[in-house]
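# What the coordinates show
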Amino acid sequence: MDTDVLILGGGLVGAALAVALDVHGVSSIVIDPADPAVTLAPGFDGRASAVASASHRMLDAIGVGATLAGRGCAIRQIRVSDGLEPGKLDFIPDASDGALGTMYENKLIRRTLFDAATAAEHVDLRMQTRAVSVDRGAAGVTMTLDSGDVIRAPLLVAAEGRKSPTREAAGITMAHWSYDHTAIIAAFHHERSHENIAYEIFYASGPFALLPLPDDDAGHRSAIVWTVESKNAAGMLKFGERAFLAEATKRMGGFLGELSNLTPRSSYPLGFQHAARITDTRLALVGDAAHGIHPIAGQGLNLGFRDVATLAEVLVEGKRLGLDLGDAALLARYQRWRGLDTFMTAAATDTLTRLFGIPGKTASAVRRFGISAVDAIAPLKDRFMAEARGESGDLPKLLQGLPI
């Protein structure tokens, strides 16, 4: 069976790419070993993601934004501080500029994209299926599945996540290291409204992010990404609900009042990785297969969506011109377009992680001085807000809300 693009991985990024291509008449077969009964279950993924304004325009443009409408929480302000000490940095956009982004629970985004891919005319979504062999040759890509089917396409896209076996098989070099920190993910209700503000509170032991979620019948809600030293993570996860919420209250300074209704906690180790290149013979990497960054700036998923918008534009325009979608010149365009942006974002988040992780009163005083200085310089703040919205650089059409 032939198609335009083979996509390995049907998660958030892989499914988004398939739907984006479908809208523009480019066909794909998506292969994923996961069982939807597990990955779409309510308790599978307790994380929440900040979808930047530009990323949301892409979701609108490919027809899934309407399903998400009204089910997220707009981020109307971001407040950054070094611990609970005086000196803060507030990012508050003008009323005419709209929100900085929208917080969604990952399980909602995953379900929305899965349903869209399942219903798409030009997407053949094959879950609980594995590739037994993959041959990327001069004439195209041939893949044999565990079902016995043999499928072919001019291009293979790896959207398999950080441990991408396709990237490893291609011999693509990775820069990678561990931060020796673990992120603890949870959500809870709180007494006072978050007022659509996202908080990033930096401690020497790691950042504490408080992310606004939409209210429900039980009241106000927020999600947390609590970074702790890996050696302390197991102990934190064993805390009872009362003890855990008491520690969270200390980290927050109690400004949201009493905390309650803690959701099940999950955790994952934090590290950095960046591919030396994101293409190979008839191969393109997207999402975490290409780059994995610290959640300090909430840009991980948005980087993946920027990959999607860029690769979709390159492929759609290539098909209109009658080009081979695995052509080296097309892949080189994708590499050039995404290479600098992903590197700069990855480097910036790594620098922030290291800067705010330096212990000691002197380092803390320098950070507070820098935070206060940036807060007073409007052009610099505007640049940071443009980055948070995903609106910097040479934007693909989908990120501008335009069809390709």
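In this report, the structure presented in the accompanying data block is examined. Everything quoted here is computed from the prediction, not taken from an experiment. (Residues numbered from 1 in each chain as written. Predicted model: local features only at pLDDT ≥ 70, side-chain atom pairs only at ≥ 80, totals over all residues. Heavy atoms only, no water.)

## Details of the overall build of the protein chain
Operational definition: Labels follow the DSSP assignment, with helices taken as runs of H or I lasting at least four residues and strands as runs of E lasting at least two, numbered in each case from the N terminus. The contact rule is simple, with two residues in contact once any of their heavy atoms fall within 4.5 Å.
When its secondary structure is counted, the protein chain shows 12 helices and 21 strands. Considering only residue pairs separated by 6 or more positions, the protein chain has 73% of its internal contacts joining residues 24 or more positions apart.

## Observations concerning the packing of aromatic side chains
Note the following rule: Pairing of aromatic side chains here covers Phe, Tyr and the six-membered ring of Trp, requires ring centres within 6.5 Å, and sorts the geometry by plane angle: under 30 degrees stacked, over 60 edge-to-face, intermediate tilted. Think of it in three bands: residues with accessible area under 20% of the maximum for their type are buried, residues over 50% are exposed, and the middle band is partly exposed, with areas taken using a 1.4 Å probe on protein chains only. A ring has a charge above it when a Lys NZ or an Arg CZ is no more than 6 Å from the ring centre and no more than 35 degrees off the ring normal.
Taken as a whole, this structure holds 3 aromatic pairs when the rule is applied. Relative to Phe255, the ring of Tyr199 lies with its centre 4.6 Å away and its plane at 45°, an arrangement referred to as tilted. Here Tyr199, found in strand E14 (residues 197-203), pairs with Phe255, found in the loop between helix H8 (241-252) and strand E17 (259-260); they are 56 residues apart in sequence, far enough to count as distant. Relative to Trp226, the ring of Phe208 lies with its centre 5.3 Å away and its plane at 70°, an arrangement referred to as edge-to-face. On the criterion of sequence distance, the pair formed by Phe208 in strand E15 (residues 206-216) and Trp226 in strand E16 (residues 219-229) is long-range, its members being 18 residues apart. With respect to class, Phe208 is no different from Trp226; both count as buried. These aromatic residues form a ring-pair network of at least three members: Phe208, Trp226 and Phe244. Across from the ring centre of Tyr268, 5.8 Å away, lies the NZ or CZ of Arg47, which sits over that ring.

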